[in-house]
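Given next are the chains, with one letter for each unit.
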Amino acid sequence: MESLLQDLGHSIRALRKAPAFTASAVVTLALGLGVNIAVFSLMHAALLERLPVRHGDRLVQIYQTTSAGSEHFEFSYPLYVDFRDSTTSLDGLVAHMSLSVGVNSDDASERVVAEFVTANYFSVLGVGLSAGPGLAGRDELRGASPTAVVSTRLWNALYAGQSSIVGATLHVNGKPFSIVGVAPTPFDGIVRGQVADVWIPVSQFAAVRNRPDAIMTTRESSWLSLFGRLASGATAEQAGDEITRIGRGLNVINAGPDFTARARSAARGDVGNVEGLARPLRLLMLVVALILVVAVANVANLMLTRTHARQAEIAMRQALGAGRGRIVRHLLTEAAVVTFAGGALGLLLASWIIELFEIRTATGGLLTLRVEPDITVVALAIALSVLAALGSGLIPALSSARPDLLAVIKGSGDGTGDRHARRRIRSGLVVVQVALSLLLVVGGGLFLRSLARLQSIDPTLSTNRVIAANLNLNLRGYDAVRGGQFYADVLERVSALSGVQAASLAYVLPVTAGGARMDVRGSSVRPAVEGMVSIELISISPGFFRTVGVPLVSGRDFGAADSPAASKVVVINETMRQKFWPSSSAIGQSFAIGGNTYEVIGVARDTKYRSLREAPRMVMYLPYAQDYQSTANLLVRTSMPVEPTVADLRAVLREIDPGMPLFNVRTLAEHVNRSLYADRLRAELIGWLAALALVLAAVGIYGIVSFSVAERTREVGIRLALGADPRLVLRMVLGGSLRLATVGLGAGLLLTAWLTRRIASDLYGVGALDPATIVGSCAVLLAVVMAATLIPARRATRIDPVVALRTE
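About the criteria used
Residues numbered from 1 in each chain as written. Predicted model: local features only at pLDDT ≥ 70, side-chain atom pairs only at ≥ 80, totals over all residues. Heavy atoms only, no water. Helix = DSSP H or I, 4+ residues; strand = E, 2+ residues; numbered from the N terminus. Buried < 20%, exposed > 50% of the residue type's maximum accessible area, 1.4 Å probe, protein only. Contact = heavy atoms within 4.5 Å. Salt bridge = Lys/Arg side-chain N within 4 Å of Asp/Glu carboxyl O. Pairing = 2+ DSSP bridges. Patch = residues over 30% accessible without salt bridge, like charges linked within 9 Å, V, L, I, M, F, W, Y side chains within 5 Å. Areas by Shrake-Rupley, 256 points an atom, 1.4 Å probe, with all protein chains shown as cover. Lys, Arg positive; Asp, Glu negative; His and termini not counted. Polar contact = N/O pair within 3.5 Å; in protein donor to acceptor, adjacent residues only side chain to side chain. Arc of directions from axis to C-beta. Axes fitted to C-alpha atoms, helices over the stretch in contact; angles between N-to-C directions. Parallel < 35°, antiparallel > 145°, perpendicular 65-115°, else oblique. Left-handed = near helix turned anticlockwise from the far one by under 90°. Nonpolar A, V, L, I, M, F, W, Y, C, P; charged D, E, K, R; others polar. Phe/Tyr/Trp six-rings, centres within 6.5 Å; stacked < 30°, edge-to-face > 60°. Lys NZ or Arg CZ within 6 Å of the ring centre and 35° of its normal.

> Would you take a moment to explain the overall build of the protein chain for this structure?
Regarding its fold elements, the protein chain presents 23 helices and 21 strands. With 808 residues in all, the protein chain has 52% of them scored as buried. Considering only contacts within the protein chain whose residues lie at least 6 apart along the sequence, 80% involve residues at least 24 apart.

Okay, structure coming up:
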């Protein structure tokens, strides 16, 4: 232990005497370790962190699979009751769904996420409340008094943590609820990436939304997610099989003989919001691991150069009796000091990098994740630092720990024995850097080209002239009559604003993952078609097509005549027209589905509805007047700048209803870009990381060429003394780097051909072995290598032969 402390003290003193080397090595490792820690922290918060509940490993989520292989995670309340009352493989089964609501006490108000839950929610999850008795079984019954459990955060925000909160009144969407409990910190609900602040019995869902409460008794309405706790000795497979048997024995519309259920681990909660991030984040983990390898190879080369310059010191230690093991340990201790300093700086850098992220779902929804350095993240930082210390220090230590004492004492050599072997080590490290850099540059180029192709699919949608903002009339307790009048007032006043060219409402915007869809058998619609029919349903107001820029191919738009009392009308898209009326006009035709009959009054051009990558979908546009929705996207096409227009919109809302919030304000281009979050995450981050790899490779190549020139000073001096043209010396140095780069590019191309095939499914409109991307990446890397070589190469041509011949 004493000798180890001596090595540590000596290493610190030695590193202080070489500030340039220490700073470059620490910063290089900090960059490599920092990006690894940052990406792992994101991955841990999004995909790995477990719910803060009792025995979370026993929780499972129930879902249904269809014969086509799709998965459905929502069930009706009656079906939940059937499962809850009949299962024996589960100690308890809970149901929940989430919704944004407005809450207020006497003095403050907020917009928060509410979870509508069954009364056994907290007991089955294993969450003890901080205060109050919590929800009781009677709270789940229709007609029960409204009760709610609030989070500790909301308790402090609205009630300043007062102890008398139990029994206090909380208004949710304008309706009074009695508070019966406070959930503990850090529990914030069961949905990963979402922070819930209120838990309300499912029986109050319809009341909060100002809708009839038939949803509690309708088997066809699937809206609840199911979670259960496995009984002692039971497995997830057994639970899924038992739920399947129960469902098949019910013979109801949403179960029956074809019903198949599965159960999967829910230790991390409901991960539906973050599942789409799993593949991009795993890919990023691979990329940053490669960055760390490049950084370690760079520092290893620096260490080789430093130990070569210290051969006299190492030889003296050996002459005084230090064994090879002691010398290796000393050199490794020095590498460990550098690496752990880089790891500490990397932790600070990671916290800064994380703050730059806006974490969203793969489809653009904003996520709320607690990305904080915990014991797992710190443990990873330590583990990576240990590996980096071994990787950067072991090879230099072993190759330099047994110098030739006689050569060092005579000053006739560097004392390390085989100079060519040492050169091969350094050259090999450079080849690794070049190969991995090429792989990263090609990957970044492929994802950037793929992103550009996606963004160019429908230029109409990528406009900053259309502003979208959300309205939620539930937050103010509007019913259908008041809500319809509110919408009419808003559109009238907004349309009159300066610079506004068009204004409308839409339940969902183009390129939105959510929305309403009807899946029915083709034989059940009129006109009938073969197979299953899947139709997107979008409620809009008149002027939508003009506002968004999606033209009508034929027919007319909705108008004032399409009132609630008038015959039901619909506008369809081209794909739907081709499906039902392939050889005739659809205008004026009748279309029957789900018990309703509509007259087709218009056909709109196809656009993208749920994803830019999707195949053409069938879409029905319904007028808001005949299909009222309590939430809407207010759309405004303007010729004015965005900021003053948004200010005018807020002023209009204040005039109509001072308490109505306007939130999630963005342009249509920003909305589409959010839908490409996963693609942008890959393209932009891998692009930046590829640039970082190029910088590290350039620094490494510069270092090895500079050292090689210094090592060959005598040789170059003799060549120049014998009359060699300086240009030949320049070509000699550049040629050496070019040979290394060529070997590295060859190895990198092999790696690229192997690994890029695994990302082919993530690309759009570009192949995994796209020739233009590969050729361009090779050219960029060669340019970086030549630029890094040029400065030391030009320095070699200026060597004074007289000075060079005196160096040894």
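Still more ground to cover, so stick around.
> Please explain the environment of L129 as it appears in this structure.
Within the secondary structure, L129 is located in the loop between α4 (121-125) and β5 (147-151). The sequence separation of L129 and A183 amounts to 54 residues, and the corresponding C-alpha distance is 4.8 Å. Excluding anything up to four places from it in sequence, L129 contacts F122, G134, V149, G181, V182, A183 and P184.

> When you look at the pattern of salt bridges in this model, what are you seeing that I'm missing?
Opposite charge on two side chains permits them to pair, given that their charged atoms come into close proximity. A complete count under the given rule lists 19 salt bridges for this structure. With a shortest N-O distance of 3.4 Å, E140 and R84 are connected by a salt bridge. Taken together, the residues E140 in the loop between α4 and β5 and R84 in helix α3 (residues 77-86) connect sequence positions 56 residues apart. Look at E140 and you get buried, because its relative accessible area is 6%. The partner of D197 in a salt bridge is R153, with the nearest N and O atoms 3.0 Å apart.

> Please clarify how the pairing of strand β18 (residues 596-604) should be interpreted in this entry.
For a regular strand, the rule is simple: side chains alternate between the two faces of the sheet. Sheet topology places strand β15 (residues 552-555) next to β18; three bridges connect them, and they run antiparallel. Following the sheet pairing, S554 is matched in β18 by V603. Where strand β16 (residues 569-573) meets β18, five bridges bridge the pair, whose relative direction is parallel. In the strand pairing of β18, V570 is matched with V600. Bridging between strand β17 (residues 590-593) and β18 involves four bridges; their strand directions are antiparallel. Within β18, the position partnered with I593 by the bridge is N596. In this antiparallel pair of consecutive strands, β17 and β18, the connection spans two residues, and G594 shows a positive phi of 60 degrees.

> Help me understand unusual backbone geometry, please; the structure alone is not making it clear to me.
Negative phi is the rule for most residues except glycine; trans is the rule for most peptide bonds. Cis rather than trans, the peptide bond between T185 and P186 has omega equal to 10 degrees. Examined against the element boundaries, P186 turns out to sit in the loop between β7 (175-183) and β8 (196-201). Residue P527 is reached from R526 by a cis peptide bond, and omega for that bond is 5 degrees. Along the chain, P527 falls in the loop between β13 (516-521) and β14 (532-540). Here the phi dihedral of N173 falls at roughly 50 degrees; this positive angle occurs in a residue that is not glycine. Its place among the elements puts N173 in the loop between β6 (169-172) and β7. Classification of N173 as buried rests on a relative accessible area of 1%. You will see that N664, though not glycine, has its phi angle at about 55 degrees, which is positive. Looking at where N664 falls in the secondary structure, it is placed in strand β21 (residues 663-667). With relative accessibility at 33%, the residue N664 sits in the partly exposed group.

> Would you mind showing me how to read a nonpolar patch on the surface here?
Together, F340, I382, V386 and L390 make up a nonpolar patch on the protein surface, roughly 330 Å² of accessible area in all. Top contributing element to the nonpolar patch by residue count: helix α11 (residues 375-400), with three residues. Within the element layout of this structure, F340 appears in helix α10 (residues 324-355).

> Can you walk me through the environment of V377 in this structure?
Considering the arrangement of structural elements, one finds V377 in helix α11. For V377, a relative accessible area of 1% corresponds to the buried category. V377 sits 336 residues away from S41 along the chain, and the two C-alpha atoms are 6.3 Å apart. Not counting residues within four places of it along the chain, the set of residues in contact with V377 comprises I37, F40, S41 and E372.

> What's the story with the side chain of K608 in this structure? I'm lost.
Following the sequence through the fold, K608 ends up in the loop between β18 and β19 (618-623). E614 provides the closest opposite charge to the buried, salt-bridge-free K608, at an N-O distance of 5.5 Å. Of the polar contacts made by the side chain of K608, one reaches the backbone oxygen of E614; its length is 3.0 Å. When neighbours within four sequence positions are excluded, K608 is seen to be in contact with I457, L461, P510, V511 and E614.

> Mind showing me how you'd approach helix α5 (residues 152-159) here?
An α-helical turn contains 3.6 residues, so a residue and the one three or four places further along point in the same direction. Residues of α5 that are buried include every one of T152, L154, W155, L158 and Y159, and no others. Angular distribution of buried residues about the axis of α5 spans 160 degrees; they occupy a single face of the element. Positioned one or two residues after α5, A160 has a phi angle of 55 degrees, which is positive.

> Could you clarify how one ought to interpret the packing of helix α14 (residues 480-495) against helix α17 (residues 642-656) in this entry?
For any two helices packed against each other, the geometry is given by the interaxial angle and the distance between the axes. With their axes 10 Å apart at the nearest point, α14 and α17 run at an angle of 140 degrees to one another. The orientation of α14 with respect to α17, classified from their angle, is oblique. In this structure, α14 meets α17 at a crossing whose hand is right-handed. Note on element contacts: α17 touches α14 through L649, V652, L653, E655 and I656, opposite F486, D489, V490, R493 and V494. Of the residues contributing to the contact of α14 with α17, the split by class is seven nonpolar, no polar and three charged.

> Looking at this structure, how should I read the packing of α3 against helix α7 (residues 236-248)?
Running from N to C, α3 and α7 cross one another at 120 degrees; their axes reach a closest spacing of 10 Å. One way to sum up the angle between α3 and α7 is to call them oblique. In the crossing of α3 with α7, the sense of the turn from one axis to the other is right-handed. Along the contact surface, α3 presents D82, F83 and S86, while α7 presents E242, I243, I246 and G247. Split by residue class, the contact of α3 with α7 holds three nonpolar, two polar and two charged.

> How should I be thinking about the packing of aromatic side chains in this particular structure?
The relation between two aromatic rings is expressed through the spacing of the ring centres and the mutual angle of the planes. Applying the stated rule across the entire model yields 21 aromatic pairs. Taking 6.0 Å as the distance between ring centres and 45 degrees as the angle between the ring planes, the aromatic pair formed by Y487 and Y628 counts as tilted. Taken together, the positions of Y487 in helix α14 and Y628 in the loop between β19 and β20 (631-638) put the pair 141 residues apart, joining distant regions of the chain. Here the aromatic residues Y478, F486, Y487, Y624 and Y628 are joined through ring pairs into a cluster of three or more. When the ring centre of F663 is taken as reference, the NZ or CZ atom of R111 above it lies at 3.5 Å.

> When you look at the environment of N474 in this model, what are you seeing that I'm missing?
By the element assignment, N474 lies in the loop between β11 (466-472) and α14. Judged by relative accessible area, N474 falls into the buried class, the value being 2%. Considered as a pair, N474 and T631 are 157 residues apart in the sequence and their alpha carbons are 7.4 Å apart. Apart from residues no more than four positions distant in its own chain, N474 is found in contact with N173, V208, R209, N210, S630 and T631.

> For this particular structure, what's the right way to read the side chain of T756?
By the element assignment, T756 lies in the loop between α21 (726-755) and α22 (771-796). Among the polar contacts listed, one links the side chain of T756 to the backbone oxygen of A768, at a separation of 3.3 Å. With near-sequence residues (within four places) excluded, T756 lies in contact with V442, L446, A768 and L769.

> When you look at α3 in this model, what are you seeing that I'm missing?
Burial analysis of α3 places seven of its 10 residues in the buried class, which makes it a mostly covered element. In this structure, the buried side of α3 is in contact with β3 (90-104), β9 (225-230) and α7. For α3, the capping residue at the N-terminal end is S76, with a side-chain oxygen 3.3 Å from the backbone nitrogen of L79.

It is worth stressing that arrangement in space is one thing and function is another; only the former is reported here.
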